[in-house]
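# What the coordinates show
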Amino acid sequence: LYLVGCGVSIVLLLSLFFLYLYIYRRKWLDDMRHVLFFAILLCIVIVASYLLLSYTQRMDFIYLVPFVWVPIITRVFYDSRTAVFLHVVTMCIVSVAVPNPYQFLLIQLAAGIVSVISLRDMTQRAQLATTAAFVLLTYGVMYTAFQLMVHAGFSQLDWRLYVFFVVNAVLVVCAYGLIFLFERTFGLLSSITLVELTNVNSNLMLQFAEQAPGTFQHSMQVSNLATEAAKRIGAKVLLVRTGALYHDIGKMSHPEYFIENQAGGYN
């Protein structure tokens, strides 16, 4: 009966997440790539948590699992609302197997929300380090506050947990490797990739400027105009900027066919 209760709780929580997708993000359910993305991301942290608890039989080891991978990776490819919702569902599922679920949920939910707020739009790898620092601070403050709330003192503090929080923060930085892996596996697009594509000093852009200088200048102007327009209407600025920058890239094949690349010679 205990296993039945756990099973029903987990199925209900997963159903709530897919109900959220059905109502608010229906287009993602129509594409199996997105469904697999969420399923695999959930499985990574849930299976890691259950295996760790099963083999160690120690509740404190659960804080070694970087649960904020879920909201961070989801936020990079999707949006903040989905990231927070998925994190809440994941933490509720894991809490079923945790001996002290209230402390666990309080700490992990706070850390997950902080990670989403601090990350916002990830355009540089260094932002992960900043997010990891905020997560570490949140872990430490929330755990200390919870112990003061329950025991009204510092006598029951487990100092090993602070070491686990530091290890967890280091693992948060390692999420960059998972972001790259998910991006290549599922054909998704992160802001980091868009920033790399808009680098005008890349080999392709330098070749573009050399072979078709008129078209290159035109593309730069269109990109700047499109960027300003995207800012005004709240569109995805990086995506618009990248698309505008590459919209005439095909003219590199025969740049002399186009008037902007002709310098008064043969037309």
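What counts and what doesn't
Residues numbered from 1 in each chain as written. Predicted model: local features only at pLDDT ≥ 70, side-chain atom pairs only at ≥ 80, totals over all residues. Heavy atoms only, no water. Salt bridge = Lys/Arg side-chain N within 4 Å of Asp/Glu carboxyl O. Buried < 20%, exposed > 50% of the residue type's maximum accessible area, 1.4 Å probe, protein only. Helix = DSSP H or I, 4+ residues; strand = E, 2+ residues; numbered from the N terminus. Expected span 1.5 Å × (residues − 1). Arc of directions from axis to C-beta. Contact = heavy atoms within 4.5 Å. Patch = residues over 30% accessible without salt bridge, like charges linked within 9 Å, V, L, I, M, F, W, Y side chains within 5 Å. Areas by Shrake-Rupley, 256 points an atom, 1.4 Å probe, with all protein chains shown as cover.

In this section: the pattern of salt bridges. The final tally for this structure, using the stated rule, is 7 salt bridges. With a shortest N-O distance of 3.7 Å, Glu 183 and Arg 184 are connected by a salt bridge. For Glu 183, a relative accessible area of 6% corresponds to the buried category. With a relative accessible area of 51%, Arg 184 lands in the exposed category. Residue Lys 251 pairs with Glu 260 through a salt bridge whose shortest N-O separation is 2.9 Å. Among the residues examined, Lys 251 registers a relative accessible area of 16% and is labelled buried. Under the relative-accessibility criterion, Glu 260 is labelled partly exposed at 29%.

The subject of this paragraph is helix α8 (residues 159-173). One turn of an α-helix holds 3.6 residues; hence residues three or four places apart share an orientation. Taking 1.5 Å as the rise per residue, α8 with 15 residues should run 21 Å; its terminal C-alpha atoms sit 23 Å apart, in good agreement. All of the buried residues along α8 are Leu 161, Phe 164, Phe 165, Asn 168, Ala 169 and Val 172. An end-on view of α8 places all buried positions within 145° of arc, on one side of the element. Set apart from the buried face of α8 by more than 90 degrees, the exposed residues are Trp 159 and Val 163. Here the buried face of α8 lies against α4 (69-77), α7 (126-151) and α9 (175-186).

So, on to a nonpolar patch on the surface. A cluster of nonpolar side chains, contributed by Leu 12, Leu 16, Leu 19, Tyr 22, Ile 23 and Tyr 24, occupies part of the molecular surface with about 630 Å² of accessible area. For Ile 23, the location among the structural elements is in helix α1 (residues 2-24). With relative accessibility at 53%, the residue Ile 23 sits in the exposed group.

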